[in-house]
Amino acid sequence: MTITQTKTKTAAADERVGKRSPFQKLLGRPEIGALVGAIVLFVFFALVSPTFTQPNAFATVLYGSSTIGIMAVGVSLLMIGGEFDLSAGVAVISSALTASLFSWYFTTNVWVGVGLALVVSLSIGFINGWILMKTKLPSFIVTLATFLMLTGLNLGLTRLIGGGVSSPSISTMDGFASARAVFASSVNIGGVEVKITVFIWFALVAVATWLLMRTRVGNWIFAVGGDANAARAVGVPVKATKIGLFMAVGFCAWILGMHNLFAFDAVQSGEGVGNEFLYIIAAVIGGCLLTGGYGSAIGGAIGAFIFGMANKGIVYAQWNPDWFKFFLGLMLLLATIVNLIVKRRAELK
Amino acid sequence: MNANEINQQTLLQNETDPLTHTAVHLLSMEGIGKHYGNIIALSDVTMAVDNGRVTCVLGDNGAGKSTLIKIIAGLHQHDAGVLKVMGEDRKFSSPRDALDVGIATVYQDLAVVPLMPIWRNFFLGSELTSGFGPFKSMDVEKMKDITLKELAAMGIDLRDVDQPIGQLSGGERQCVAIARAVYFGAKVLILDEPTAALGVKQSGVVLRYILQARDRGLGVVFITHNPHHAFPVGDRFLLLKRGKSIGYYDKKDITLDELTAQMAGGAELAELAHELEQLGGHSDVVKEVQGEVAGVTQTTGRTYE
Ligand SMILES: Nc1ncnc2c1ncn2[C@@H]1O[C@H](COP(=O)(O)OP(=O)(O)OP(=O)(O)O)[C@@H](O)[C@H]1O
Ligand SMILES: [Mg+2]
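Residues numbered from 1 in each chain as written. Chains lettered and ligands numbered in written order. Predicted model: local features only at pLDDT ≥ 70, side-chain atom pairs only at ≥ 80, totals over all residues. Heavy atoms only, no water.

All names here are of chain A. Of note, Thr107 is a non-glycine position whose phi angle comes to about 40 degrees, a positive value. Positionally, Thr107 belongs in the loop between α4 (88-105) and α5 (110-135). Notably, Lys136 is not glycine yet its phi reads approximately 60 degrees, a positive angle. Examined against the element boundaries, Lys136 turns out to sit in the loop between α5 and α6 (139-162). (Helix = DSSP H or I, 4+ residues; strand = E, 2+ residues; numbered from the N terminus.)

This next bit is on a positive patch on the surface. All names here are of chain A. A contiguous patch of positive charge, built from Lys134, Lys136, Arg232 and Lys239, is present on the exposed surface. Within the secondary structure layout, Arg232 lies in helix α10 (residues 228-233). A relative accessible area of 31% places Arg232 in the partly exposed class. (Patch = residues over 30% accessible without salt bridge, like charges linked within 9 Å, V, L, I, M, F, W, Y side chains within 5 Å. Areas by Shrake-Rupley, 256 points an atom, 1.4 Å probe, with all protein chains shown as cover. Salt bridge = Lys/Arg side-chain N within 4 Å of Asp/Glu carboxyl O. Lys, Arg positive; Asp, Glu negative; His and termini not counted. Charge placed at Lys NZ, Arg CZ, Asp CG, Glu CD. Buried < 20%, exposed > 50% of the residue type's maximum accessible area, 1.4 Å probe, protein only.)

All names here are of chain A. Examined against the element boundaries, Thr209 turns out to sit in helix α8 (residues 196-214). Linking Thr209 and Ile298, residues 89 residues apart in sequence, is a C-alpha distance of 6.9 Å. Setting aside chain neighbours within four positions, we find Thr209 in contact with Arg214, Ala297 and Ile298. (Contact = heavy atoms within 4.5 Å.)

With that out of the way, let us pick up the site of ligand 1. Residues and elements named next belong to chain B. Taken together, 14 residues lie around ligand 1, and Asn61, Gly62, Lys65, Ser66 and Thr67 are the ones closest in. Taking Ser66, its side chain carries an N or O atom lying 2.7 Å from an oxygen atom of ligand 1. Within the side chain of His225, one N or O atom sits 3.1 Å away from an oxygen atom of ligand 1. Protein chains shield 64% of the accessible area of ligand 1, which is 630 Å² for the free molecule. (Near = heavy atom within 4 Å. Polar contact = N/O pair within 3.5 Å; in protein donor to acceptor, adjacent residues only side chain to side chain.)

Residue and element names in this part refer to chain B. Only Ser66 (OG) and Gln108 (OE1) from the protein coordinate the magnesium ion (ligand 2), and they sit 1.9 to 2.1 Å from it. Taken together, the residues span a long stretch of sequence, with Ser66 in helix α1 (residues 65-73) and Gln108 in the loop between β6 (103-106) and α3 (118-122) at a distance of 42 residues. Residue Ser66 is classed as buried on the basis of its relative accessible area, which comes to 18%. For Gln108, a relative accessible area of 42% translates into the label partly exposed. (Donors = N, O, S within 2.8 Å, 3.2 Å for Na, K, Ca; no water.)

Turning next to the packing of α4(A) against helix α11 (residues 238-263) of chain A. Residues and elements named next belong to chain A. In contact at an axis separation of 7 Å, α4 and α11 are set at 55 degrees when each is read in the N-to-C sense. Comparing the axis directions of α4 and α11 gives the class oblique. Along this stretch, α4 crosses α11, giving a crossing that reads as right-handed. Residue-level inspection shows Ala88, Ala91, Val92, Ile93, Ser95, Ala96, Ala99 and Ser100 of α4 in contact with α11, the latter providing Val249, Ala253, Trp254, Leu256, Gly257, Met258, Asn260 and Leu261. Looking at the contact of α4 with α11 residue by residue, the classes come out as twelve nonpolar, four polar and no charged. (Axes fitted to C-alpha atoms, helices over the stretch in contact; angles between N-to-C directions. Parallel < 35°, antiparallel > 145°, perpendicular 65-115°, else oblique. Left-handed = near helix turned anticlockwise from the far one by under 90°. Nonpolar A, V, L, I, M, F, W, Y, C, P; charged D, E, K, R; others polar.)

For the coordinates displayed, the defined rule picks out three cavities of 30 Å³ or more. Approximately 150 Å³ is the volume attributed to the largest cavity. Taken together, 17 residues line the largest cavity, and the ones lying closest to its centre are A:Val234, B:Leu99, B:Ala104, B:Thr105 and B:Arg180. Listed by contribution, the elements that provide at least two residues to the lining of the largest cavity are α2 (95-100), β6 and α5 (170-184) of chain B. (1 Å grid on protein atoms, 1.4 Å probe; cavity = no way out; pocket = protein on both sides within 12 Å on 5 of 7 lines; lining within 4 Å. Points joined across faces, edges and corners; volume = space filled by probe spheres on them.)

Time to look at the environment of B:Ala73. All names here are of chain B. Assignment of secondary structure puts Ala73 in helix α1. Relative accessible area serves as the criterion here: at 2%, Ala73 is assigned to the buried category. In this view, Ala73 contacts Ser94, Pro95, Ala98, Thr105, Tyr107 and Ile190; residues no more than four positions away in its chain are not counted.

Right, here's the structure in full:
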């Protein structure tokens, strides 16, 4: 066999590629299904309920969306990274309880409690990720265990320290006013009060999108979710990436926990159960694949927005809220079917 | 043959130990063993890789070839013997460690993430970044350009580097994995059956790449089933069978026929010819196999005389 040296060819324009219009490019995005769904839903509610498109009502819809959306950012990233977090719902309450119970019991400035809550939230994420990486169990099992443990801890510790099912009021404590301004104030935009969580939500989505699309960490997140073994083989720090993702969920839980606390002055220790599914639903409706490796932060945000619209829209349309769950289920089913088709198209020729 | 006894003739740049100034191999394995639970995948394997030389590893399915290179690539750790890089004892705890010393690998299963775009796969784990501290971002345009250029150089003209790699054909995917390793391999390039899914033209390109890498002074480990691919490019040949080394030859000590014979075993080929005839195989093919058997018995006769 002889091996001849030939000149290397340079790439020429390829006749096999039709020019892709911006519209066709858009169709290839993971969140396209959700976007279409969101527009349909918006138009639908705008038609059946005249109040729905009023600025004040819309601000309320956005606020409702943001309380799901903030968590959906972390949960979407985690899902793209191939994992679930069933403890995300109660972890929000754990964070709020940590801040309130600690500052109440030791009568410190509430900001000390807020700082401690951040440490606790990140630690919960770290522990989830670390156990997962050590045991190689499915995240479903590991975070189900943390979910149960946190639920118990929330109830038990609140009764032990505060003596009730609700944490004691911290409204008169030092730093409460400034913490409320940061986590639970409103911004007046042209006469409409928009809750600060809406802006926090938008900021988080922007950061997460930049992270996914433009940084190497984003590349790693897609890779560990798409094929962890392949990622490891080419030198991606799989464990650190996954643990980091769980900690990102912890960070989001901290923000929402602080909002829940400072929007009032106390937290119910039994809350949060079941919310983890809302975050997962938002991520899935937004085009994140349950099996990992595909999705976007904007998709999760659109998912949360759909949730917020359906939730409040039903009220504005003066329907029985009983129908809400049906809507949500239908959206979820349609979204997963769209995702499935997308994945098949991507994997098969 | 002992890896310690260094044949100066095969060293291109006379690698030396920085402390003792004696000659060392770029990479060497002595008495390497590996078991998965109670399955012994590899035992007592010795080989060396030098700058500007191609070491070929040949063997049947399940012989332990992939296991061997996974130890060098840091994917698995050996449990017996020593692995030396530039004369220094090493045990890589992760592929990152191996990559950091300049060892790049084309895995048999390619190690690509199907849903990710081609350019993201190409640079996965070694992304180009610009900017500072927490604001470091990927240099996306440059990465896309390089991906397109490197693949064009392999004779693969891509439609679109933004396509998910899962949409490419098996051979195209293999070319991406090879181009990636060639691009990032600084000292050692390992290829696990790179020509398995390739057409004649692309196989030729890969073999040429191996020679180009060799001429650039890289140490190459080339794993294949095909002695016709191994012989023209190889400088050393390690033959594995059921996890054991059944021969380690310098090119000057072996011919292509002998290599083929060693790999297949004359008796097995004769049996195959017989079986094919019974099954009503195409007469040309049977004749060809019979011809090969004749060659094999001839050469084995010579070898074992
Ligand atoms: N992760 C693993 N766990 C258990 N056994 C394994 C594992 N990987 C490989 N083996 C076993 O080790 C032996 C050698 O496998 P290896 O993949 O190294 O063979 P190979 O020479 O590369 O074969 P092929 O030519 O088919 O690629 C096989 O018998 C295989 O079953
Ligand atoms: Mg193999």
